[in-house]
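Listed below are the residues making up each chain.
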Amino acid sequence: MFDFYVQHEFAFAAMQLTLAMAGMGATLSWRDFREVLAEPKSVATGVAIQLLAVPLLCLLLIQLPVVAGGLAIGIALIAAVPGGSVSNMFTYFAKGNTALSIAITAVTTAACLVSTPLILDALIGPYMPADFVMPVGRIALEICAFLLLPLAAGMAFLQWFPGGAALFSRLCIRASLAVIALIVIGSLGAGRLDWQAFGLLNSLLIVGFALLLAVLARPLCRLQALPAADSTAIEMEVAVRNINLALLIKASLFPAMAGAEGAVADTVLFSLLLYGGLQLMVGGLLIWRNGRQARLALAEL
């Protein structure tokens, strides 16, 4: 049974991304893109942090001698993908600017058609074989086919069937989560998620990267004197990544295989899944922090 997953890993990754983006698209309308014009400073700051500051932080981290090839590639993948749709929900619960969060998600998701292959090429080149050539065109095509087109289809569903869009979105997102669960089960069954092989140090490095992304945006937003609600939205966008897309690119670049290359691929996979779990905890901490600050502000009145 687990051999079936190994043989069709890319199909599983493509399916979960397609479902996630269709569900996300059913929550977006073209009006959401107007936030780019309504709040250009906040949107530009959020996009710049995503496309410049996050990859730069990743570049500094993967220079550490303790960061091995598979872990470096996993961290680079996390940095290269845009924010995930969960960030919009977390922003809402954290009392941030939800419209801004949606706008940044939309802009960075559209931009990733170009930005993700370029960032990956810059970050992971030194960790690949000498004859490796980044398949920029293939990655861009896969992003278009499994991310942008399903996103557009979800937006069209909202436009044509607004009454059923909420249910459609929930079903798609839940189905995507179910496929991710199948990916985890299939990987475990195939012996590809071995915590002992991944190691405590690598786990701590992923935890550290998640915490660094959680605190990266706030000082940069303060330099721009952005409102607190806008800062919260940008923090969530930076911390909560589109791991669905990262899993697809991983399955494309590193299909299931045996030997040394398989060990690298397994390290990349473990890194992505570990960060995917950690980012939910980080998002929860940011929600708790904002709620606590709001309670303290009320108490001072």
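Residues numbered from 1 in each chain as written. Predicted model: local features only at pLDDT ≥ 70, side-chain atom pairs only at ≥ 80, totals over all residues. Heavy atoms only, no water.

Undergrad: Where do I start with the overall build of the chain in this structure?
TA: Across its full length, the chain holds 14 helices and 0 strands. Beginning at the N terminus, the succession of helices and strands in the chain can be written as α-α-α-α-α-α-α-α-α-α-α-α-α-α. The buried share of the chain, taken over its 301 residues, is 52%. Within the chain, contacts between residues separated by at least 24 positions form 85% of all contacts whose residues are at least 6 apart in sequence. Counting only carbon and sulfur atoms, one obtains 71% of the accessible surface of the chain, whose full area is about 13700 Å². (Helix = DSSP H or I, 4+ residues; strand = E, 2+ residues; numbered from the N terminus. Buried < 20%, exposed > 50% of the residue type's maximum accessible area, 1.4 Å probe, protein only. Contact = heavy atoms within 4.5 Å. Areas by Shrake-Rupley, 256 points an atom, 1.4 Å probe, with all protein chains shown as cover.)

Undergrad: Looking at this model, I keep getting lost on helix α8 (residues 136-160). Mind explaining?
TA: Each turn of an α-helix holds 3.6 residues, which means side chains three or four residues apart point in the same direction. For α8, spanning 25 residues, the distance from its first C-alpha to its last is 34 Å, which sits close to the expected 36 Å at 1.5 Å a residue. Of all the bends in α8, the greatest, near 35 degrees, is centred on C144. Here α8 has its buried residues at I139, A140, E142, I143, L147, L148, P150, L151, G154, M155 and A156. Next to the buried residues of α8 lie α2 (9-25), α7 (98-124), α9 (162-189) and α13 (243-253). (Expected span 1.5 Å × (residues − 1). Bend = angle between axes of the 7 residues up to and from the residue.)

Undergrad: Explanation requested: the pattern of salt bridges in the structure shown.
TA: Between side chains of opposite charge, a pair can form when the charged atoms approach closely. Applying the stated criterion across every chain, the model contains 3 salt bridges. Ionic pairing is found between E235 and R218, a salt bridge with its closest N-O pair at 3.2 Å. Taken together, the residues E235 in helix α12 (residues 228-239) and R218 in helix α11 (residues 200-223) connect sequence positions 17 residues apart. Owing to a relative accessible area of 19%, R218 belongs among the buried residues under this scheme. For the salt bridge of R289 with E235, the shortest nitrogen-to-oxygen distance reads 3.0 Å. With R289 in helix α14 (residues 259-300) and E235 in helix α12, the pair connects residues that are 54 residues apart, well separated along the chain. Here the salt bridges share partners, and the residues they tie into one network are R218, E235 and R289. (Salt bridge = Lys/Arg side-chain N within 4 Å of Asp/Glu carboxyl O.)

Undergrad: Honestly, the side chain of S42 in this entry has me stumped. Any pointers?
TA: On the secondary structure map, S42 appears in helix α4 (residues 40-62). Since its relative accessible area comes to 5%, S42 is described here as buried. Of the polar contacts made by the side chain of S42, one reaches the side chain of D230; its length is 2.6 Å. Discounting residues that sit within four places of it in the chain, S42 has contacts with L100, I104, L226, D230 and I234. (Polar contact = N/O pair within 3.5 Å; in protein donor to acceptor, adjacent residues only side chain to side chain.)

Undergrad: How should I be thinking about the environment of L278 in this particular structure?
TA: Among the structural elements, L278 can be located in helix α14. Since its relative accessible area comes to 14%, L278 is described here as buried. Put simply, L278 and V207 are 71 residues apart on the chain and 7.1 Å apart in space, counted from C-alpha to C-alpha. Setting aside chain neighbours within four positions, we find L278 in contact with I206, V207 and A210.

Undergrad: Honestly, the packing of aromatic side chains in this entry has me stumped. Any pointers?
TA: For any two aromatic rings, the description comes down to two numbers: the centre-to-centre distance and the angle of the planes. With the rule as written, the count across this model stands at 5 aromatic pairs. Considering the side-chain rings of F10 and F146, the 5.9 Å spacing of their centres and the 75 degrees angle between planes classify their relative orientation as edge-to-face. With F10 in helix α2 and F146 in helix α8, the pair connects residues that are 136 residues apart, well separated along the chain. Ring geometry for F157 against F161: centres 5.2 Å apart, planes inclined by 50 degrees, an arrangement best described as tilted. Residue F157 is classed as partly exposed on the basis of its relative accessible area, which comes to 23%. Judged by relative accessible area, F161 falls into the partly exposed class, the value being 47%. (Phe/Tyr/Trp six-rings, centres within 6.5 Å; stacked < 30°, edge-to-face > 60°.)

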